[in-house]
Structure formats: C-alpha cells, structure tokens
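Observations on chain architecture
Spelled out, the chains give:
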Amino acid sequence: MNIKILGSGCSNCAKLEKVVREAVADLGVVVEIEKVQDVAKIMSYGVMSTPALVIDEVVKLVGKVPNRARAVEILKQALPQ
Amino acid sequence: MLQMFADYVAYTLFGLLPDSHLGAAVDFFIYDTIKIFLMLGTIIFLVSLIRSFFPPERTKKILSRKREYVGNIMAALLGIVTPFCSCSAVPVFIGFVESGVPLGVTFSFLISSPMVNEVALIMLWGMFGWQIAAIYITTGITVAIVGGLVIGKLKLEHLVEGYVYDIKMGETELAALTWRERVEYAWEYVVDILKKVWPYVIIGIAIGGAMHGYAPADFLVKYAGKDNLLAVPLAVLIGVPLYSNAAGIIPIVHVLMEKGMALGTVLAFMMAVTALSLPEMIILRKVLKPKLLGIFVGIMTVAIIFVGYLFNGILA
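In this text, all values refer to a predicted model and were calculated from it rather than measured experimentally. (Residues numbered from 1 in each chain as written. Chains lettered and ligands numbered in written order. Predicted model: local features only at pLDDT ≥ 70, side-chain atom pairs only at ≥ 80, totals over all residues.)

1. Some words on the overall build of chain B
Stated precisely, the cut-off is as follows: In DSSP terms, a helix is any run of H or I states spanning at least four residues, a strand is any run of E spanning at least two, and both are numbered starting from the N terminus. Only C-alpha atoms enter the radius of gyration; for comparison, a globular chain is expected to reach 2.2 Å times N to the power 0.38, where N is the number of residues. Note on burial: count the other C-beta atoms lying within 10 Å of the residue's C-beta; 20 or more is buried, 12 or fewer is exposed, in between is partly exposed, and C-beta positions come from the backbone. Each residue gets a C-beta atom placed from its backbone, and two residues are in contact if those atoms lie within 7 Å.
When helices and strands are counted, chain B shows 16 helices and zero strands. Taken over the C-alpha trace, chain B has a radius of gyration of 21 Å; the compact-globule value for 316 residues is 20 Å, and the two agree within 12%. Its C-alpha atoms give chain B principal-axis dimensions of about 70 × 50 × 30 Å. Counting all 316 residues of chain B, 43% fall into the buried class. Counting only contacts in chain B whose residues sit at least 6 apart along the sequence, the fraction spanning at least 24 positions is 86%.

As structure tokens, this is what we get:
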C-alpha cells in the first residue's frame, strides 16, 4: 500500500501525517508514506484544498484532518482483502 | 437572561458596587464574554454546515463557465460560502486559472473569501449590532466585485507566474458527504476555531471592559473622529499586520468607537485586518509576479480607504 500526504507544508499537513502514521501503527501494516509538496503534483490529483490523503493513487480525503479512529477506518477500507 | 447572570456574578458573587467603575467593567466583561462565545459557537457551526456543500473544487466548476460581471458577482458570493484558508490560496488560485475562470473573477473570489471572515463578522454583530455586520458584508462583497472587475479590465494575465499556466489539473470525484459527516465537520471546525481565537477574544473583551469603565468619553474624537482625515489611512496601516487577531481587536475597537472613533474608520480597519494580511501576500507571491501583487494590494488599499471615507461622510 502506498500512502501520499499532499500539502505544501501547512500545519494541518503535518497533523495529517502524524495521524496517518498513528493509524498505520494501530493496524500494524507495512506501508510506504510519501509527502508530496509540489503544487503541480498535488493538483494533478484534482485537489485544491490541502492537506489531502491519497491511498494507492485514489484521493480519500481533501482539506481536512481526520481523527485517529477515522484514519484507521479509511486505511482498513483501502487494505487489500 | 445573560445580563441577569452577569449582574449576579459581578454584584452578588464578587460583591462589587453596580455604580463603581470596577463593578461596571466586570459586569460588562462577563456579559460580553458569554454572549460572544455563544454567538461564535452557533454561527461558526451553521456557516461550516453550509460550507460543507461548497468545497473549492465545486466552486471552481460553477465559476469556470462564467464571464465577467456575472462571474465577479458569483465569485464574491461564493467566496463567503467556500471554505478557504490562506494556506490553500496557491492551489485554489491555480485550480481556478487552469479551469478557465477569468483572472478578474478569480480575484473577486480571493478578495471576498478572507474579507467576509465569519469570526470578524460575528464579533461585529455581537459588539455593534446586526446592522453594522450587514454593512460590513455588503461593502466587503462590493469591494470584491469591483476589485476583481478592475483587475480583469487591466488584462494582467502576463503578470501571473508562468508555471501556473503549465499545470494540468486532474479530475477527482469525491463521494458526497452524509449529514452525519457534515455535522461532524462543522463541529470540528467550531472546536478548531474556538481553540485558536479564545485567548484573543478574552483579552480583547477584558481590555475593552477596562476601557469601558475607565477611559473618558470623547477621548478619541480628536484623534480618530470623522474630522481627522488621516484616521482612515492610519487605521488601514495598523490593520495590515494584525491578521489572526481580528477576533481580539474588535472588542477594543468597539470601545474606541464608543469613545468617539468614527464608523468608517472602524470598517476600514476591519477590512484591512481581514483582507490585507501579510501572510496571505507572501503566499500569493508564489503565483503572482511582484507587479501584480503590488497592483492587487494597491487596489485593495484604495478601495478600503474609500469605504472608510464614504461611511464617515454618510454618517457625518
């Protein structure tokens, strides 16, 4: 699983990364977490409000930071069955 | 109800005298604090609920089919209901331009969005009454429409940083939110904003309360009354660096007004605080060449000063 955090260094982007890392630890899965800060790349996902969460190239969340439980839920749904 | 509670705490619980300066100041502080926080909570919640229907991706789609004039008006109105934080100014700007929203229309949105700031609005409402809040929104939208139109007429597309035009935006379809998600989103937003502004609000009300009890009436008429023509530009100048503290400044301004500061000066000051913020300028510099940024700031400054004089003139 590949996770991308889209956002050019705003405080919420750092928060999103932290929550996602916590959720990943909760689930005990092995994933790759990438930070995407380049505006052109962020926009290629059709995203205009940061931070955004992309899992395996699918945009899951835009413009907000989920709480830990919600992040776990999103990750679970995206896990291969 | 609130007044009774404030009276009870100030005069019965603390045993202060109703006709003393300290008693009046404490009473005013308790009453205003509760009132402002109740209003902030309720209105931010409602505004966020409405905003959950207008993500910038959707606003962009609506505006991309619009021309000048109609586009400027719609952009100024959508600026109110589209959630926007200056940290997203760059992607929003690029997204608009990329999807064919005219530059002037994009600016109408960029001006209106921060200017009609819900916290500033509620504070104005709570401290000055709904009429002033309504005047503030109306003039704010007008400035956004006119500012965007002027920038559109000047044909400044070449002053946008070149890379902006090279970016290709992807398409993404997000699932529609459920009502539960909207309510959650709105609630989180309320908590988020209140966490950020509460100290400023309380400090502002405390200073306001102290001045309410102590500063002599008419003390500002000489310096910030309608007859001092320098008051408006000076208020704008002071307002620019005071970005995130809008919430705390209004209670102080409220008392200044009671002591003789003119309404137009107050409006100009508020607009400078919300619409002309230094951090946002720095962010916008990433997509605008310095000349366009300068033109933008110039038009905004002139418009805001004009609003200030207009209201000081009307109410003279």
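2. Re the overall build of chain A
On a plain count of helices and strands, chain A comes out with three helices and four strands. Along chain A, helices and strands appear, N-terminal first, in the series β-α-β-α-β-β-α. Taking 81 residues into account, the globule formula puts the C-alpha radius of gyration at 12 Å, and chain A, at 12 Å, falls close to it. Within chain A, buried positions represent 38% of all 81 residues. Sequence-distant contacts in chain A: of pairs separated by 6 or more residues, those separated by 24 or more amount to 64%.

3. Concerning the sheet that holds strand β2 (residues 32-36) of chain A
All names here are of chain A. Here is the rule: DSSP-based pairing: two strands are paired if at least 2 bridges between them are found. Where helices are involved, their axes are fitted lines through C-alpha atoms of the stretch in contact, as for all axes, and angles between N-to-C directions lie from 0 to 180°.
Strand order in the open sheet formed by four strands is β2-β1-β3-β4, with mixed pairing between adjacent strands. Strands with a single pairing partner mark the edges of an open sheet, and in this sheet they are β2 and β4 (58-62). Taking the axes of each pair of neighbouring strands and ignoring which way they run, one obtains an average angle of 20° across the sheet. Relative to strand β3 (residues 52-55), strand β1 (residues 2-6) is paired through four bridges, and the arrangement is antiparallel. Looking at β3, one finds that I5 is bridged to L53.

4. Regarding the interface of chain A and chain B
Test applied: Just so you know the grouping, Ala, Val, Leu, Ile, Met, Phe, Trp, Tyr, Cys and Pro go in nonpolar, Asp, Glu, Lys and Arg go in charged, and all remaining residues, Gly too, go in polar.
Taken together, the contact between chain A and chain B spans 16 residues of the former and 20 residues of the latter. The leading source of residues in the side of chain A that touches chain B is helix α2 (residues 39-44) of chain A, at five residues. Partitioning the side of chain A that touches chain B into residue classes produces ten nonpolar, five polar and one charged.

5. Things to note about the packing of helix α1 (residues 2-13) of chain B against helix α2 (residues 21-51) of chain B
All names here are of chain B. Put simply, the rule is: For this classification, under 35 degrees means roughly parallel, over 145 means roughly antiparallel, 65 to 115 means roughly perpendicular, and everything else is oblique. When the near helix sits turned anticlockwise from the far one by under a right angle, the crossing is termed left-handed; a clockwise turn instead gives a right-handed crossing.
Close contact between α1 and α2 brings their axes to 9 Å; oriented N to C, the two are set at 140°. If you check the angle between α1 and α2, you find them oblique. By crossing handedness, the relation of α1 to α2 is classed as right-handed. Taken together, the residues of α2 that come into contact with α1 (itself represented by L2, Q3, A6, D7, V9, A10 and Y11) are G23, V26, D27, I30, Y31, I34 and K35.

6. A word on helix α3 (residues 56-64) of chain B
Residue and element names in this part refer to chain B. We count it as follows: Note that the arc is defined by the directions from the helix axis to the C-beta atoms.
Among all positions in α3, only P56, E57, T59, K60 and L63 are buried. Each buried residue of α3 lies within a common arc of 160° when the element is viewed along its axis, so the set occupies one face. Looking at the packing, one finds that the buried side of α3 touches α4 (70-81), α5 (89-98) and α6 (103-115).

7. Structural notes on the packing of helix α1 (residues 11-27) of chain A against helix α3 (residues 68-78) of chain A
Residues and elements named next belong to chain A. Close contact between α1 and α3 brings their axes to 9 Å; oriented N to C, the two are set at 65°. Judged by the sense of rotation from one axis to the other, the crossing of α1 with α3 is right-handed. Between α1, through V19, V20, E22, A23, V24, D26 and L27, and α3, the contact on the second element is made entirely by R68, A71, V72, L75 and K76. Among the residues making up the contact of α1 with α3, the classes are represented as eight nonpolar, no polar and four charged.

8. A word on the nonpolar core
Cut-off, in case you're wondering: The term nonpolar core refers to a set of buried Ala, Val, Leu, Ile, Met, Phe, Trp, Tyr and Cys residues connected through C-beta atoms within 7 Å.
In this structure, A268 and A272 of chain B are the most contacted members of the largest nonpolar core, which totals 108 residues. Each residue touching A268 of chain B, except ones within four places of it in the same chain, is listed here: V232, A235, V236, I304, I305, V307 and G308 of chain B.

9. Let's talk about the pairing of β2 of chain A
All names here are of chain A. Put simply, the rule reads: Throughout, right-handed denotes a crossover for which the path from the first strand over the helix to the second runs clockwise when the strands point away from the viewer.
By the bridge criterion, five bridges tie β1 to β2 in an arrangement that is parallel. Among the inter-strand pairings, N2 is bridged to a residue of β2, identified as E32. Chirality of the crossover, the property in question, places the unit of β1, α1 and β2 among those that are right-handed.

10. Points about unusual backbone geometry
Note: most peptide bonds trans; most residues except glycine with negative phi. In this structure, the amide linkage connecting T50 of chain A to the following residue, P51 of chain A, adopts the cis form with an omega of -5°. Positive phi values are uncommon outside glycine, yet D56 of chain A reaches one of about 45°. Take D56 of chain A: it is sitting in the loop between β3 and β4. Of note in this structure, Y69 of chain B is not a glycine but carries a positive phi near 65°. If you trace the backbone, Y69 of chain B turns up in the loop between α3 and α4.

11. Notes on the environment of P55 of chain B
Topologically, P55 of chain B is positioned in the loop between α2 and α3. Considered as a pair, P55 of chain B and F93 of chain B are 38 residues apart in the sequence and their alpha carbons are 14 Å apart. Residue contacts for P55 of chain B: discarding those within four places in its chain leaves S49, V62 and G63 of chain A.

12. What about α6 of chain B?
Our working definition: Multiplying one less than the number of residues by 1.5 Å gives the expected span of a helix.
Counted at 1.5 Å a residue, the expected span for α6 of chain B with its 13 residues is 18 Å, and the 18 Å between its end C-alpha atoms agrees. Among the 13 residues of α6 of chain B, 13 are classified as buried, and the element is accordingly described as predominantly covered.

13. Section: the confidence of the model for chain B
Under the convention used in this document: What pLDDT conveys is the predictor's confidence in a given residue, as a value from 0 to 100.
For chain B, the average pLDDT comes to 84, and 94% of its residues sit at 70 or higher. Across the assembled chains, the prediction reports ipTM 0.82 with pTM 0.84.

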